[in-house]
Amino acid sequence: MSDSAFYRLAPFIQEYVYAQGWTELRQVQAEACRVIFETDDHLLISAGTASGKTEAAFLPILTLLHEQPGQTVAALYIGPIKALINDQFDRLKDLLKEAHLPVWIWHGDVAQSQKARLLKRPSGILQITPESLESLLINKPLELERLFGELRFVVIDEVHAFIGSDRGDQVLCQLSRLARLSRSHPRRIGLSATLGDYSQAEAWLRAGTDRPVITPTIQAGKRTLHFALEHFYRRSQPAVYAKGETPIFDPADQYLFDQSVGRKCLIFANGRSQAEAVIATLRAIASAKGLPDIYHVHHGSISATLREATEAAMRRSEAPIVTAATLTFEMGIDLGQLERVIQLESPLSVSSFLQRLGRSGRRGSPADMRFVCIEPEPENEEFLPKQIPWQLLQCIAVLQLYLEDRWVEPPRSGRYPFNLLYHQTMSILASEGELSPSVLAQRVLTLPPFQAISQGDFRLLLRHLIELDHLQKTERGGLLLGLAGERLVRNYKFYAIFPDTEEYTVRAEAIEVGSITLPPPPGSCFSLAGRSWEVLDVDTRAKLVRVRSAIGSAALSWQGGGGEVHTRVLQRMRRVLFEDQEYAYLQKGARKRLQAARKLAQDFELDRNWVLPLDENQTCCVLPWMGTVAFRTLERFIRSFCKETLNLRSVSGVSPYFLTVRLGKATFRNLYYEIVSIADRRLEVEMDLLAPEEAPRLQKYDEFLPPELLHKAFAHDYLDLAEVRLLIQTWRQTFTEDSP
């Protein structure tokens, strides 16, 4: 098969394969050639990181485009982040040195002159973000047939990052609109290294088309995995040293330094503030030891110039270099041969863990990943829930779910994406001009993500938007953008469906460093791009912060959420507390901390109890072991029903780990039976767990939606009463009747 696939490739590609020293095509590449050359179906390629997925898609595509070049853009590559597009752009340029197929790159950091050349002579391959594709649909509607009339392939990279999200649904809308406006019906090719459920991915990939999806079975190669998980307590107060004394660094920081020093290493943080802080600390330790500064930071608030410099340094360096990053380096960007990946705290999901694991272990070397969980130093008489090492348990659970079952979280899609409904309604009117309400409904409601949305809901939205002056009704009865809507849509920030924040550009003389949300006052210091800066001036009108380099470390916090945790992860965390298994990857501190947690669980009989008293003041905790959505639903039930019937004083907690409840006259046994009753009550989420007027605004355009639609979307897409009932029934079978 590999030989026949190779000889079917274009001659210049065969020469490229020889030049790379490949002795044969990999299985994923041979299978992709078979599907693309021998069928007309969509293709889903699911294979591990560094398995050759990009080449698997483009070797046969480029062969067909070489044989029939066409007069428009022939292949569209959609990537989730600019850095990945830049990386793939460089890889394709090398592959096409001998071909006559141009490769174009289009996103917010690309010069207008380059975009103008594509618009003048559309051809070859276009690599683009969803936001830039939205811009084309809005601003170049009359050019789309000339640009994409002979479009034959759409390659969607990292499809797991799109499925189950508004941004992924936006891509489906864009592809359907593009097919209608350009009169082309291209084949779709999805690429991913972390898919658990192929059927859901296949359904997403073919949405809005009548082609089936083929997913070849790819035999996973054997990988050697080196894991190590360590735990530390963080000192509550940093040590203070007199001038001239040699500092003794916090053991956790010293461990991180020792694990990364002398290596080409990538450190993953779950937030931008954490990434900045760890690099500042490592740089300070290196300076104290007289070692060179090899430290970088990479995240979305750093300027494009500095991000690209970090990417280039990581890619070309064979010498030690250490970069702390957020999910911006989680995608399949080529960073060269990494010696080690370090994860701070638990990965947010099994999917995220697999993406980050895939950054190391390329070119036949073992995958080396270290995990470091850090807790605040314990205080005396701390409440039970705060004595449980949640991050340590979650980290072990994520690893075990992969090692034992190769399980990955399934995508979770909402039925009522009203945020996107608003966005696409406005986008279509901006693109096509005046439309009658019936034609607009046909244009919008036939898009794949809106199959569950009724004509009545859409009419409600249109009437509301007319009242807000986002839409205007003409004398002929048609609909146009209103003045308020026009101002919103013509701003470049409209192209993105995800929320944006008003940020200040940070500039040090002529160098743009990045951006921050809340600038400190002049004279203050903060960290950005792995450096400390002193604020010289804040220009609120120009949204500009002028800075100069400062000595020492400083902090800066970005707001952000932690994402959703699946129920299966929480249930595996609970098992970790009670099984006797010893995990070979645990280091001394982690083993000791887990032993203490297991003893705590035995002492409190957490295998039998999930509602427990905490003190004599009638404070108790609930440990539901439910994922984020079910936890949110249970919390609402307690607030809606138990708080009044049991005269509860307060309900708080840390999602999705525990709830802390202060009782009134009731006992914790009363609370237990009240919670258990949820399995038998005749409840409806929309009627019983939300107040009639409640309309939570959680997404970018929710402020422009009617309260009735927000109410409906929250009830159906953010709460799950059925899962809570199922879990409560399981608890009733697991725990004895007198457990409380």
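Quick caveat: nothing in here was measured; it's all calculated off a predicted structure.

What follows is about the overall build of the protein. Scanning the protein from terminus to terminus reveals 27 helices and 24 strands. C-alpha extents for the protein along the principal axes are approximately 80 × 70 × 60 Å. Taken over 740 residues, the protein has a buried fraction of 55%. A separation of at least 24 residues holds for 73% of the contacts in the protein among residues at least 6 apart in sequence. Summing over all exposed atoms, the protein offers an accessible surface of approximately 33,000 Å²; the carbon and sulfur share of this is 49%.

Our focus in this paragraph is the sheet that holds strand 5 (residues 153–156). Taken together, 7 strands build an open sheet; the order of strands is 3-4-2-5-6-1-7 and the sheet is parallel. This sheet does not close on itself; its edge strands, each paired only once, are strand 3 (103–106) and strand 7 (213–214). Bridge count between strand 3 and strand 4 (residues 125–128): 4 bridges; the pairing is parallel. Note on strand 4: the bridge partner recorded for Val103 is Ile125. Seen against the sheet, helix 5 (residues 82–95) touches strand 2 (75–78), strand 3 and strand 4 and runs at an angle of roughly 170 degrees to strand 3. Its contacts with the sheet place helix 10 (residues 198–206) against strand 1 (42–46), strand 5, strand 6 (187–192) and strand 7, and it is angled at close to 140 degrees to strand 1.

For the rest of this paragraph, the subject is the confidence of the model for the protein. Per-residue confidence for the protein averages 89 on the pLDDT scale, and 94% of its residues sit at or above 70. Model confidence for the protein, summarised as mean pLDDT per element, is weakest for helix 5 at 76 and strongest for helix 19 (residues 455–467) at 98.

Moving on to the sheet that holds strand 23 (residues 650–654). The 4 strands lie next to each other as 21-22-24-23, forming an open sheet whose pairing is antiparallel. The open sheet has two edge strands, strand 21 (611–613) and strand 23, and neither has a second partner. Each strand of the sheet is rotated relative to its neighbour by a mean of 25 degrees, with strand direction disregarded. Contacting strand 21, strand 22 (619–622) and strand 24 (658–662), helix 24 (residues 668–676) crosses the sheet at an angle of about 170 degrees to strand 21.

What follows deals with unusual backbone geometry. The omega torsion across Ser655 and Pro656 is -5 degrees, close enough to zero to call that bond cis. As for its placement among the helices and strands, Pro656 is situated in the loop between strand 23 and strand 24. In this model, Glu345 sits at a positive phi of 65 degrees, which is unusual for a non-glycine residue. Here Glu345 lies in the loop between strand 12 (340–344) and helix 14 (350–357). Given the relative accessible area of 15%, Glu345 is considered buried. Within the chain, Glu605 stands out as a residue other than glycine whose phi angle is a positive 50 degrees.

What follows concerns the pairing of strand 24. Most of strand 24 is tucked away, with 4 of its 5 residues classed as buried. Pairing of strand 23 with strand 24, which is carried by 5 bridges, proceeds in the antiparallel orientation. Bridge assignment links Ser650 to a residue of strand 24, and that residue is Arg662. Adjacent in sequence and paired antiparallel, strand 23 and strand 24 are bridged by 3 residues.

So, on to the pattern of salt bridges. Under the definition given, this model contains 35 salt bridges. Arg548 is the salt-bridge partner of Glu534, the closest N and O atoms lying 3.1 Å from each other. You can see Glu534 sitting in strand 19 (residues 531–539) and its partner Arg548 sitting in strand 20 (residues 544–549), a full 14 residues away along the chain. The exposure class of Arg548 is partly exposed, given its relative accessible area of 46%.

We now examine helix 23 (residues 628–645). Compared with an ideal rise of 1.5 Å per residue, which puts 18 residues at 26 Å, helix 23 spans 25 Å between its outermost C-alpha atoms and is within 8% of the ideal. Where helix 23 bends most, the angle comes to about 35 degrees, and this point is Arg639. All buried positions along helix 23 are accounted for by Thr628, Val629, Ala630, Phe631, Thr633, Leu634, Arg636, Phe637, Ile638, Phe641 and Cys642. At the C-terminal side of helix 23, Asn647 shows a positive phi close to 55 degrees.

Burial along strand 5 is two-sided: Phe153 and Val155 and Val154 and Ile156, pointing in opposite directions, are all buried. Where strand 2 meets strand 5, 4 bridges bridge the pair, whose relative direction is parallel. Within strand 5, the residue paired with Leu76 across the bridge is Val154. The pairing of strand 5 with strand 6 spans 4 bridges and is parallel. Residue pairing for strand 6: Ile156 is matched across the bridge by Gly190. Viewed along the sheet, the connection from strand 5 through helix 9 (residues 166–182) into strand 6 turns out right-handed.

Basis of the calculations
- Residues numbered from 1 in each chain as written.
- Predicted model: local features only at pLDDT ≥ 70, side-chain atom pairs only at ≥ 80, totals over all residues.
- Heavy atoms only, no water.
- Helix = DSSP H or I, 4+ residues; strand = E, 2+ residues; numbered from the N terminus.
- Buried < 20%, exposed > 50% of the residue type's maximum accessible area, 1.4 Å probe, protein only.
- Contact = heavy atoms within 4.5 Å.
- Areas by Shrake-Rupley, 256 points an atom, 1.4 Å probe, with all protein chains shown as cover.
- Pairing = 2+ DSSP bridges.
- Axes fitted to C-alpha atoms, helices over the stretch in contact; angles between N-to-C directions.
- pLDDT = per-residue confidence, 0-100.
- Salt bridge = Lys/Arg side-chain N within 4 Å of Asp/Glu carboxyl O.
- Expected span 1.5 Å × (residues − 1).
- Bend = angle between axes of the 7 residues up to and from the residue.
- Right-handed = clockwise from strand over helix to strand, strands pointing away.

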